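Letter by letter, the chains look like this.
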Amino acid sequence: VSVAGGQTVDPGKLDAAGNAYKKVGEELKSEGGKIETGVSEAQVGNAWPHVAKIYSEVIEKYRDCVTDYGENVIDFGENLSKAAKSYEDGEVVSRDMIASKGV
């Protein structure tokens, strides 16, 4: 599909990229959900009981960031797929308009 400025777009490749991003995003969300946030005083040792809560909070933030990043990657992939569909629809409209004018 040719667009303004002489650029071309391959809707199939654009959609494939969108699907790849969506797959990676789903994997990130899944892995983020597996991150264990609990850290006990026994795990950090008797000399460091005050850091157990801090570690738990940091790991929880990390888990949330991984999960949120996965969501954003999915959204980006969906936008690529939507753009591919728009290019495909635009190509059909252009082809139909040209055909109706007998060009």
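Residues numbered from 1 in each chain as written. Predicted model: local features only at pLDDT ≥ 70, side-chain atom pairs only at ≥ 80, totals over all residues. Heavy atoms only, no water.

Here we look at helix 1 (residues 11-33)
Stage number 1. The terminal C-alpha atoms of helix 1, which comprises 23 residues, lie 33 Å apart, in line with the 33 Å expected from a rise of 1.5 Å per residue.
Stage number 2. Taken as a whole, helix 1 has its buried residues at Pro11, Leu14, Gly18, Gly25 and Gly32. (Helix = DSSP H or I, 4+ residues; strand = E, 2+ residues; numbered from the N terminus. Expected span 1.5 Å × (residues − 1). Buried < 20%, exposed > 50% of the residue type's maximum accessible area, 1.4 Å probe, protein only.)

Notes on the pattern of salt bridges
Stage number 1. Taken as a whole and assessed by the stated rule, the structure comprises seven salt bridges.
Stage number 2. With a shortest N-O distance of 3.9 Å, Lys23 and Glu27 are connected by a salt bridge. Of this pair, Lys23 and Glu27 both sit in helix 1, four residues apart, which is roughly one turn of that helix.
Stage number 3. The closest approach of N and O atoms between Glu57 and Lys53, which form a salt bridge, is 3.5 Å. A residue pair is termed a helical-turn pair when its members lie 3 or 4 positions apart in one helix, as Glu57 and Lys53 do in helix 3 (residues 52-100) at four residues.
Stage number 4. The class of Glu57 is partly exposed, set by a relative accessible area of 38%. (Salt bridge = Lys/Arg side-chain N within 4 Å of Asp/Glu carboxyl O.)

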